[in-house]
Amino acid sequence: MCECCEDIKFLKQIYDKRFKFYAEVVTKSKAGMTSHSKYPLNYCPMCGRKLEK
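Overview of the structure.

What counts, and where the lines are drawn
Residues numbered from 1 in each chain as written. Predicted model: local features only at pLDDT ≥ 70, side-chain atom pairs only at ≥ 80, totals over all residues. Heavy atoms only, no water. Pairing = 2+ DSSP bridges. Helix = DSSP H or I, 4+ residues; strand = E, 2+ residues; numbered from the N terminus. Patch = residues over 30% accessible without salt bridge, like charges linked within 9 Å, V, L, I, M, F, W, Y side chains within 5 Å. Areas by Shrake-Rupley, 256 points an atom, 1.4 Å probe, with all protein chains shown as cover. Salt bridge = Lys/Arg side-chain N within 4 Å of Asp/Glu carboxyl O. Core = buried A, V, L, I, M, F, W, Y, C linked by side-chain atoms within 4.5 Å. Buried < 20%, exposed > 50% of the residue type's maximum accessible area, 1.4 Å probe, protein only. Contact = heavy atoms within 4.5 Å.

This next bit is on the pairing of strand β1 (residues 22-28). Here β1 runs beside strand β2 (residues 34-40); their pairing, made up of 7 bridges, is antiparallel. For Glu-24, the partnering residue across the bridge sits in β2 and is Lys-38. Where β1 folds back on β2, the antiparallel hairpin that results is connected by 5 residues, among which Gly-32 adopts a positive phi of roughly 95°.

Below, the structure is given as structure tokens:
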């Protein structure tokens, strides 16, 4: 388990079950436009390990 996994696990323990964690992806096109999309944080962004619910 990496340090990022431990931090996310700690934050999930602190906050209630009503909070959901999301990861945000920012994409920039050649024309200079940016788009934002978010998805549920089920995997660690650093190591790719599946996170506990």
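Resuming the write-up.
What follows deals with a nonpolar patch on the surface. There is a patch of nonpolar side chains on the surface, built from Phe-10, Leu-11, Ile-14, Tyr-15 and Phe-19 and spanning about 490 Å² of accessible area. The topology assignment puts Phe-19 in the loop between α1 (3-14) and β1.

Cys-5, Ile-8, Ala-23, Leu-41, Cys-44 and Leu-51 form the largest nonpolar core, which has 6 residues in total. Sequence-distant contacts of Cys-44, defined by excluding residues within four places in its chain, comprise Cys-2, Cys-4, Cys-5, Arg-49 and Leu-51.

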